[in-house]
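# Overview (structure and organization)
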Amino acid sequence: MKWFKRIIISLAVTVALLLAVGAGFVWYVFSDIQGREHVADQALIIDLEKNIEKYEKLISMFREDSQATVIHPTWISPDNVISETRWGEYKTLFSELGLDAGMRSWGGDSIWFISTAQGLVTGGSSKGYMYKPENPMPQFSSLDKIPEGLESNVKGYRKINNEWYIVFDWDD
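Residues numbered from 1 in each chain as written. Predicted model: local features only at pLDDT ≥ 70, side-chain atom pairs only at ≥ 80, totals over all residues. Heavy atoms only, no water.

## A word on the pairing of strand β6 (residues 156-159)
Alignment of β6 against strand β7 (residues 164-171), held across four bridges, turns out to be antiparallel. Paired with Arg158 across the strands is Ile166, a residue of β7. Hairpin remark: β6 followed by β7, antiparallel, with four residues in the connecting loop. (Pairing = 2+ DSSP bridges. Helix = DSSP H or I, 4+ residues; strand = E, 2+ residues; numbered from the N terminus.)

The following block contains the structure:
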């Protein structure tokens, strides 16, 4: 009977340790995904004006690396289309500009720069810039909160100038 108690206690300790490690892992992974609060529209406008040369450099780099559709600080799509050195250049600029989720494009001239992303796969929001969006609709006077009338999974825009827009999207 003593051996049975030892096995039960060992199993209980092992399960408790696995649960603790698993919970720590989940917290580690998802605490980064939650991100920071979205940046206010006016702060984004000021940041763009102040750092326009760096954004233009990213646009130029992204166009040169035309096989890439997503360049994120932690992953690239498709994989292995740019060198580690080049990816390092992107990550340096992302860090300097506060682009938490990097940049992406689906072809054409439009490039999406994601300053902040919140939430998980099951629901969240993101905010940043769109360079030369193809159809910047609907437009709003403010994207500091979810605008009334902006549906889930639809990007909302606020015009900065003829080429640049603030973009906000959310899903539930």
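## Observations concerning the nonpolar core
Of all hydrophobic cores here, the largest spans 31 residues; its most connected members are Tyr55, Leu58, Ile71, Tyr90, Met103, Phe113 and Trp164. Contributing elements (two or more residues each) for this core: α2 (41-50), α3 (52-64), α4 (84-97), β4 (111-120), β5 (123-131) and β7. Setting aside anything within four residues of it in sequence, one finds Ile71 in contact with Phe62, Ile82, Trp87, Tyr90, Phe94, Ala101, Gly102 and Met103. Trp112, Ile114, Tyr165 and Val167 belong to the second largest nonpolar core, which has seven residues in total. (Core = buried A, V, L, I, M, F, W, Y, C linked by side-chain atoms within 4.5 Å. Buried < 20%, exposed > 50% of the residue type's maximum accessible area, 1.4 Å probe, protein only. Contact = heavy atoms within 4.5 Å.)

## Brief notes about unusual backbone geometry
Following Ser77, the chain continues into Pro78 via a peptide bond in cis, with omega recorded as -10°. Tracing the backbone through its elements, the reader meets Pro78 in the loop between β2 (76-77) and α4. The peptide bond linking Met137 to Pro138 adopts the cis configuration, its omega dihedral lying at 0°. Secondary-structure assignment places Pro138 in the loop between β5 and β6. In this structure, Lys132 is a non-glycine residue whose phi angle is positive, near 50°.

## Some words on the packing of α3 against α4
The packing of two helices is summarised by the inter-axis angle and the distance between the axes. The geometry of α3 relative to α4 is characterised by a closest axis approach of 11 Å and an angle of 155° between their N-to-C directions. Accordingly, the angle class assigned to the pair α3 and α4 is roughly antiparallel. Both α3 and α4 take part in a crossing whose hand is left-handed. Residues Lys54, Tyr55, Lys57, Leu58, Met61, Phe62 and Glu64 of α3 pack against Arg86, Glu89, Tyr90, Leu93, Phe94, Glu96 and Leu97 of α4. Of the residues in the contact of α3 with α4, the class split is eight nonpolar, no polar and six charged. (Axes fitted to C-alpha atoms, helices over the stretch in contact; angles between N-to-C directions. Parallel < 35°, antiparallel > 145°, perpendicular 65-115°, else oblique. Left-handed = near helix turned anticlockwise from the far one by under 90°. Nonpolar A, V, L, I, M, F, W, Y, C, P; charged D, E, K, R; others polar.)

Note that every value here comes from positions in space, so none of it alone points to a role or purpose.
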